[in-house]
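Overview (structure and organization)
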Amino acid sequence: MNVSLQTLITAANAGKLISFPTDTVPALATIPAQSELIYAAKQRSFDKPLILMAAKAEDLWDYVQGSQIEYQIWQKVVNQYWPGALTLVLPASDKIPLVMNPLEPTTIGIRVPNNPIAQTILAQTGPMATTSANLSGQPALEKKAEIEAQFPEVLTLESIEYQGLGIPSTVAKWTGNNWQILRSGSIKLDN
């Protein structure tokens, strides 16, 4: 359902399922406490975690935990690649709802997209649980019309076409002393 930006933000804050463009592929999103809506809509198994997306890195630091040295390492990577197509999987704080990563609740993927519309929405909603807009196991949908057809209950933005790179973000997991690449994307992370 096509709605205005303000209606979309209001619905998101009320715990509804929304979609918006990012710099990679369009996102399905909701507030973290309502993450099960994403799993249900996508027919996704709970062994696939969601990503916590925010407008800026500072909005995400309360959701992760690490040593002062680790924060310095993470901040250096963030300064180089964010906003952008890089998801960092870091140790999760107790602020992360279990449903975002039920099988491995000690970690959480975080990202700041390089898309002004996404950043505008996230600045007004706070961090949101996100994933690509598609049924689980299917290719990511790239066009708003495809999202509307597959997810008629999801709110989309009127007057805006969704167009990113079409390539999901690079996913890098912190192992305690370096980065393990879980999914290759457009960003090549130096270890």
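Preceding this section is the structure that the text describes.
Residues numbered from 1 in each chain as written. Predicted model: local features only at pLDDT ≥ 70, side-chain atom pairs only at ≥ 80, totals over all residues. Heavy atoms only, no water.

Before going further, it helps to spend a moment on the pairing of strand β3 (residues 27–30). The side chains of a regular strand alternate, first on one face of the sheet and then on the other. Neither face of β3 is left uncovered, since the one carrying Ala27 and Ala29 and the one carrying Leu28 and Thr30 both have all their residues buried. Direction of pairing for strand β2 (residues 18–20) relative to β3: antiparallel, over a ladder of three bridges. Bridge pairing links Ser19 to Leu28 in β3. In this antiparallel pair of consecutive strands, β2 and β3, the connection spans six residues. Relative to strand β7 (residues 128–132), β3 is paired through four bridges, and the arrangement is antiparallel. From the neighbouring strand, Leu28 faces β7, where its bridge partner is Thr131. (Buried < 20%, exposed > 50% of the residue type's maximum accessible area, 1.4 Å probe, protein only. Helix = DSSP H or I, 4+ residues; strand = E, 2+ residues; numbered from the N terminus. Pairing = 2+ DSSP bridges.)

Let us look at the layout of surface pockets. Put simply, the largest pocket is a space of about 700 Å³. Taken together, 37 residues make up the lining of the largest pocket; nearest its centre are Arg44, Pro49, Ile51, Val171 and Arg183. Elements supplying a minimum of two residues to the lining of the largest pocket: β4 (51–53), β5 (86–91), β6 (107–111), β7, β9 (170–174) and β10 (179–183). The leading source of residues in the lining of the largest pocket is β6, at four residues. (1 Å grid on protein atoms, 1.4 Å probe; cavity = no way out; pocket = protein on both sides within 12 Å on 5 of 7 lines; lining within 4 Å. Points joined across faces, edges and corners; volume = space filled by probe spheres on them.)

On to the packing of aromatic side chains. Taken as a whole and assessed by the stated rule, the structure comprises five aromatic pairs. Judged by centre distance (5.1 Å) and plane angle (65 degrees), the rings of Tyr71 and Trp74 are edge-to-face. With Tyr71 and Trp74 both in helix α3 (residues 68–81), this residue pair falls three residues apart, about one helical turn. With relative accessibility at 0%, the residue Trp74 sits in the buried group. Connected via pairs of aromatic rings, a cluster forms that spans Trp61, Tyr71, Trp74, Trp174 and Trp179. Directly above the aromatic system of Tyr63 lies the positively charged group of Lys95, at a separation of 4.7 Å from the ring centroid. (Phe/Tyr/Trp six-rings, centres within 6.5 Å; stacked < 30°, edge-to-face > 60°. Lys NZ or Arg CZ within 6 Å of the ring centre and 35° of its normal.)

Function cannot be inferred from these measures alone, as they are strictly geometric.
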